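# Per-entry structural report
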Amino acid sequence: MIKFLLMVNKQGQTRLSKYYEQVELGKRAALEADMVRGCLARRKEECSFVEYKDYKLVYRQYAALFIVVGITENENELSIYELVHNFVEVLDKYFSRVSELDIMFNLDKVHIILDEMIINGHIVETNKNRILAPLLALDKMAEG
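Predicted model, so just to flag it, every value in this text is computed and none were measured.

### Points about a nonpolar patch on the surface
- The grouping of Leu101, Met104 and Phe105 at the surface amounts to a nonpolar patch, some 330 Å² of accessible area in total.
- Tracing the chain through its elements places methionine 104 in helix α3 (residues 100-105).
- Its relative accessible area of 35% is what places methionine 104 among the partly exposed residues.

### Concerning unusual backbone geometry
- Of note in this structure, lysine 53 is not a glycine but carries a positive phi near 50°.
- Within the secondary structure, lysine 53 is located in the loop between β3 (49-52) and β4 (55-62).
- Overall, lysine 53 belongs to the exposed group, its relative accessible area being 68%.

### Considerations on helix α4 (residues 107-117)
- For α4, the full list of buried residues reads Val110, Ile113, Leu114 and Met117. The buried residues of α4 all sit within an arc of 95° when viewed along its axis, so they share a single face.

### Brief notes about the pairing of strand β1 (residues 2-9)
- Of all 8 residues in β1, 8 are buried, a share of seventy percent or more.
- Sheet analysis places β1 next to strand β5 (residues 65-71), joined by 7 bridges and oriented antiparallel. Opposite phenylalanine 4, over in β5, you have glycine 70 as the bridge partner.
- Two strands pair when backbone bridges link them, and β1 and strand β2 (residues 14-19) are joined in this way by 5 bridges, in the antiparallel orientation. Within β2, the position partnered with leucine 6 by the bridge is serine 17.
- Here β1 folds back onto β2, and the loop between the two strands holds 4 residues, one of which, glycine 12, carries a positive phi near 90°.

### Here's the deal with the sheet that holds β2
- Read across the sheet, 5 strands follow the order β2-β1-β5-β4-β3 without closing on themselves; strand pairing throughout is antiparallel. Bordering the open sheet on either side are β2 and β3, each of which pairs with just one other strand. Strand-to-strand twist of the sheet, defined as the mean angle between neighbouring strand axes without regard to direction, takes the value 20°.
- Note that β3 and β4 share 4 bridges and pair antiparallel. What sits directly across from valine 50, in β4, is leucine 57.
- Its contacts with the sheet place α4 against β1 and β2, and it is angled at close to 35° to β2.

Rules behind the numbers
Residues numbered from 1 in each chain as written. Predicted model: local features only at pLDDT ≥ 70, side-chain atom pairs only at ≥ 80, totals over all residues. Heavy atoms only, no water. Patch = residues over 30% accessible without salt bridge, like charges linked within 9 Å, V, L, I, M, F, W, Y side chains within 5 Å. Areas by Shrake-Rupley, 256 points an atom, 1.4 Å probe, with all protein chains shown as cover. Salt bridge = Lys/Arg side-chain N within 4 Å of Asp/Glu carboxyl O. Helix = DSSP H or I, 4+ residues; strand = E, 2+ residues; numbered from the N terminus. Buried < 20%, exposed > 50% of the residue type's maximum accessible area, 1.4 Å probe, protein only. Arc of directions from axis to C-beta. Pairing = 2+ DSSP bridges. Axes fitted to C-alpha atoms, helices over the stretch in contact; angles between N-to-C directions. Contact = heavy atoms within 4.5 Å.

Laid out in C-alpha cells, this is it:
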C-alpha cells in the first residue's frame, strides 16, 4: 500500500505532498525533511529503493524534481517505480513538458491527476487517456 507521495526540488522544498494515512502536521515536516535529505544525499549509481523507519521509499529524479513514494513492506517496489514514471508521463502529456512551475501553479490539477491514479493508497488507474479524461472535461467546461 502507498502511504504517501512527495514531489521535492533539489533544494529539498516540497512542491506536492499527498498522504494516504494519518500523519500529524507537526510530524510531517520533520518526516519529509529527514526522508528528502536521505534521498538527495544518494548518488545516481545507488538503488532508488531505500528502507526508512516503517516505510520503504521508492524515489525517482526527473530534472530538478524528485518524486518520493513511501510504501509498506509488502508492496512491489518496481511497480511503484513504474507508477512514478507513468505519473510523470501523464503530467508531460497534460502540460506539454511539465516543469516545477507547472506543478506549483496548477497544484489542483496535479492533485486531480494523482487522485485518478491512486485512491486510498491503492493504484486504480494507469491508462493515460482515462486518467486525463476528467481533467480535459473540466477544461472544456471552463472554456465554453
